[in-house]
Structures are given as C-alpha cells and as structure tokens.
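Architecture at a glance
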Amino acid sequence: MSLSILAESAAGSKNLDFMIHGLFKYKLFGQELYLTTTTVSLLIVVLLITVFAVFANRAIKAADPYNVPSGFVNFLECGIEALEGMTDTILGANKDRFLNYIGTIFIFIFVSNFSGLLGLRNPTADYGVTFLLGFFTFLIVNFQGIKNRKLKHFTSLFEPIPLLFPINVIGEIANPISISLRLFANVLSGVLIMGLWYGMMPIFLKIGVPSFLHLYTDVFSGALQTYVFCMLSMVYINDKLE
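Residues numbered from 1 in each chain as written. Predicted model: local features only at pLDDT ≥ 70, side-chain atom pairs only at ≥ 80, totals over all residues. Heavy atoms only, no water.

- An unreviewed UniProt entry lists the protein chain under the name ATP synthase subunit a, with Lachnoanaerobaculum gingivalis given as the organism.
- Recorded in UniProt under Function (unreviewed entry), the annotation for the protein chain is "Key component of the proton channel; it plays a direct role in the translocation of protons across the membrane."
- Here the protein chain is described in UniProt, under the heading Sequence similarities (unreviewed entry), as follows: "Belongs to the ATPase A chain family." (UniProt positions renumbered as here; feature names shortened; annotations may be inferred.)

1. Topic: helix α3 (residues 71–91)
- The end-to-end C-alpha distance of α3, which contains 21 residues, comes to 30 Å, matching closely the 30 Å that a straight helix rising 1.5 Å per residue would cover.
- Of all the residues in α3, the buried ones are Val 73, Leu 76, Leu 83, Met 86, Thr 87 and Leu 91. In an axial view of α3, the angular spread of the buried residues amounts to 150°, which keeps them on one side of the axis. The exposed residues of α3 that point more than 90 degrees off its buried face are Gly 71, Phe 75, Glu 81, Ala 82 and Thr 89.
- Looking one or two places after α3, you find Gly 92, whose phi comes out positive at around 60°. (Helix = DSSP H or I, 4+ residues; strand = E, 2+ residues; numbered from the N terminus. Expected span 1.5 Å × (residues − 1). Buried < 20%, exposed > 50% of the residue type's maximum accessible area, 1.4 Å probe, protein only. Arc of directions from axis to C-beta.)

2. Some thoughts on the nonpolar core
- Membership of the largest hydrophobic core comes to 29 residues, with the highest contact counts inside it found for Met 86, Ile 102, Ile 105, Leu 133 and Phe 229.
- Looking at this core, the elements with two or more residues in it are α3, α4 (95–114), α5 (127–149), α7 (165–200) and α8 (209–239).
- In this structure, Leu 133 is in contact with Tyr 101, Ile 105, Phe 108, Ile 109, Leu 183 and Phe 229, ignoring residues within four places of it in sequence. (Core = buried A, V, L, I, M, F, W, Y, C linked by side-chain atoms within 4.5 Å. Contact = heavy atoms within 4.5 Å.)

3. Considering the layout of surface pockets
- Estimated volume of the largest pocket: approximately 930 Å³.
- Looking at the lining of the largest pocket, the elements with two or more residues in it are α2 (37–62), α3 and α4.
- Top contributing element to the lining of the largest pocket by residue count: α4, with nine residues.
- For the lining of the largest pocket, the per-class residue count stands at 19 nonpolar, five polar and no charged. (1 Å grid on protein atoms, 1.4 Å probe; cavity = no way out; pocket = protein on both sides within 12 Å on 5 of 7 lines; lining within 4 Å. Points joined across faces, edges and corners; volume = space filled by probe spheres on them. Nonpolar A, V, L, I, M, F, W, Y, C, P; charged D, E, K, R; others polar.)

4. With respect to the UniProt feature "transmembrane region" (unreviewed entry) in the protein chain
- When the UniProt feature table is mapped onto this chain, "transmembrane region" (unreviewed entry) is found at residues 33–56, 98–118, 124–143, 183–207 and 219–237.
- Secondary structure across residues 33–56 comprises 83% helix and 17% strand; the distance between its end C-alpha atoms is 36 Å.

5. A few points about α4
- Taking 1.5 Å of rise per residue, the 20 residues of α4 would be expected to cover 28 Å, and the 26 Å separating its terminal C-alpha atoms lies within 8% of that figure.
- Of all bends in α4, the biggest is about 25°, found at Tyr 101.
- Of the residues making up α4, those classed as buried are Phe 98, Leu 99, Tyr 101, Ile 102, Gly 103, Ile 105, Phe 108, Ile 109, Ser 112 and Asn 113. (Bend = angle between axes of the 7 residues up to and from the residue.)

6. A few points about empty space enclosed by the protein
- The tally for this structure, following the rule as stated, stands at two cavities of 30 Å³ or more.
- When its volume is computed, the largest cavity comes out at roughly 50 Å³.
- Along the walls of the largest cavity sit Asn 113, Asn 122, Asn 186, Val 187, Gly 190, Val 191, Thr 217, Asp 218, Ser 221, Gly 222 and Gln 225, which together make up its complete lining.
- Put simply, the parts of the chain that give the lining of the largest cavity at least two residues each are α7 and α8.
- No other element matches the five residues that α8 contributes to the lining of the largest cavity.
- Looking at the lining of the largest cavity residue by residue, the classes come out as two nonpolar, eight polar and one charged.
- Here the second largest cavity defines a volume of roughly 50 Å³.
- As for the second largest cavity, its lining consists of Thr 137, Phe 138, Val 141, Asn 142, Glu 172, Asn 175, Pro 176 and Tyr 236.
- Mapped onto the lining of the second largest cavity, the elements with two or more residues apiece are α5 and α7.
- With four residues, α5 is the largest single contributor of residues to the lining of the second largest cavity.
- Residues belonging to the lining of the second largest cavity are distributed by class as follows: four nonpolar, three polar and one charged.

Now the structure itself:
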C-alpha cells in the first residue's frame, strides 16, 4: 500500500516501476498464486551460485597442492580465509561448526543484494525472503540453546526475576525479526531510490548518473548489510554456546 501511495503522489508516477510484477498466475489447492519478478530473480540467483559452486569445486580438485595457487583458486582461498577470520572474531573455537551455514547465507545475501546490477529485482527486497533467513537463524540459535544449556535454556527466561519472563520471550522472538527487517528495509530503500530515479528523471540523467547510485545501493550497502546480518547471526548463536 505504501508503495502505491508513493507512486501516485509523485510527479510522473505513471513511469515509476519498482519491478514488482506478477508474471504468471496459477492455482494451487484452490488458492491463486503468482510467479513474480522476485521469484524469477531468486531462481537466477540460486542458479548463479550453483554454477559458481560447480566451477569452484572443479578448480579446487584440479589445483596442484604442491604449488602456490593462482587465478581463480587463489581468489577462492582468499574468500575462505576472509570468511574464517570473520567467524573466528565472534565464534572463536566454535567457528568450524557454523562456517558452512554462515558462508552459505553470506554468499546468498551477497549475490542477492548485488543482483540489482544485473537488472533484476533484489530477492532480499521482499520480506518473505529475509524473514526465512532470520527464521533459519532463529532455529539454529534455539537448537544450540537446548543442546548446550538443556533446561537452563528455558529457565533463563525467568532471570533475573520471573516478572521479566514476557520481556525475555519477546526479546528472543524479536532477534530474528529485527535482523530480517533490517536487511529487508535497507535493500528495499535502494530499490525505491533506483525506481524513483529511473521513473522520474529526464532521459539524459538516466545515463551514467545511475551507476553512482547503484554503486551505493547495490555494492556498498549490499555488502554492508550482508556483513551485518551474518555478524548478528553469529552473535545470537554464540550467546547460546556458553
């Protein structure tokens, strides 16, 4: 609703395009569902990551273990070292247990945020996507809490006094919602900015100038929000390891 109000109130609103479109309508269990631009972008992002993973796997297997790596393999090793350094900062000795999960969501969010450079609608600009990312973190956090703290995972909700139980419960639920909303809102703001620019600016300002806006909304902000989401996820997980 807020997007339509914004579009209608702006001059030249008929040219605004936030790239939220239903491409195909179908019925499932009596419900009308749509294949949207977000769904297509999500499939393309997953395909790109899969292709990258296949090439990375082949390159690593073909690399000579007795020589200094170069080219693509060197790039992969630098990325892995950076990821290990990031996880070690928060998780310490437990980093190896969660390296795969943090690495997976980092790559997915990173590519999703950068997909705007390919002319796609960023999948992370839809709350349904970011909510699931936050929900997976929520499941891992609580699984680790029950595994490592047993009954104390639940009794700690009554500390330091039982009166704070409702507040502690709200705090636990708010964690995944807050990180998912933060990622969603920041990416969506970039989509809105670019949509307004392309829809309202004269043609001569649509050439060259948007590249600087994309540099901020897709590259800088996209990388920053990826890092923030992963760091907060590790903070929540590490809190349940003690």
